[in-house]
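Coordinate inspection notes
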Amino acid sequence: MPGGRPKKSLKCLPEDWPALILDIAREGGSDMEIREALGISDDLWYRFIEEEPEFSRTVKRAKRLCQIWWETLG
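Please read all numbers here as calculations on a predicted model, not as lab measurements.

Within the element layout of this structure, G74 appears in the segment after α4 (53-73). With a relative accessible area of 95%, G74 lands in the exposed category. When the C-alpha atoms of G74 and I21 are compared, they prove to be 22 Å apart, with 53 residues separating the residues in sequence.

Next comes the structure, spelled out in structure tokens:
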């Protein structure tokens, strides 16, 4: 039996994590703000982007929404 802590998955995130990510981005929130709201580390953030297609797609969309917010502001 392997030792150590079980690998975290998307199930460790709030149930509404996609909406949470997109809502923060729509208000111009940074990746750092999103990570804090999700309660995850930088390492887990980047692992999810690499290994979880749904998470990666959501983050890419969030980056576009955030950019639109800042461009509209400017």
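Following the sequence through the fold, E71 ends up in helix α4. Residue E71 is classed as exposed on the basis of its relative accessible area, which comes to 52%. A C-alpha to C-alpha distance of 12 Å links E71 and R26, two positions 45 residues apart in sequence. A polar atom in the side chain of E71 sits 2.7 Å from the side chain of Q67.

Calculation notes
Residues numbered from 1 in each chain as written. Predicted model: local features only at pLDDT ≥ 70, side-chain atom pairs only at ≥ 80, totals over all residues. Heavy atoms only, no water. Helix = DSSP H or I, 4+ residues; strand = E, 2+ residues; numbered from the N terminus. Buried < 20%, exposed > 50% of the residue type's maximum accessible area, 1.4 Å probe, protein only. Polar contact = N/O pair within 3.5 Å; in protein donor to acceptor, adjacent residues only side chain to side chain.

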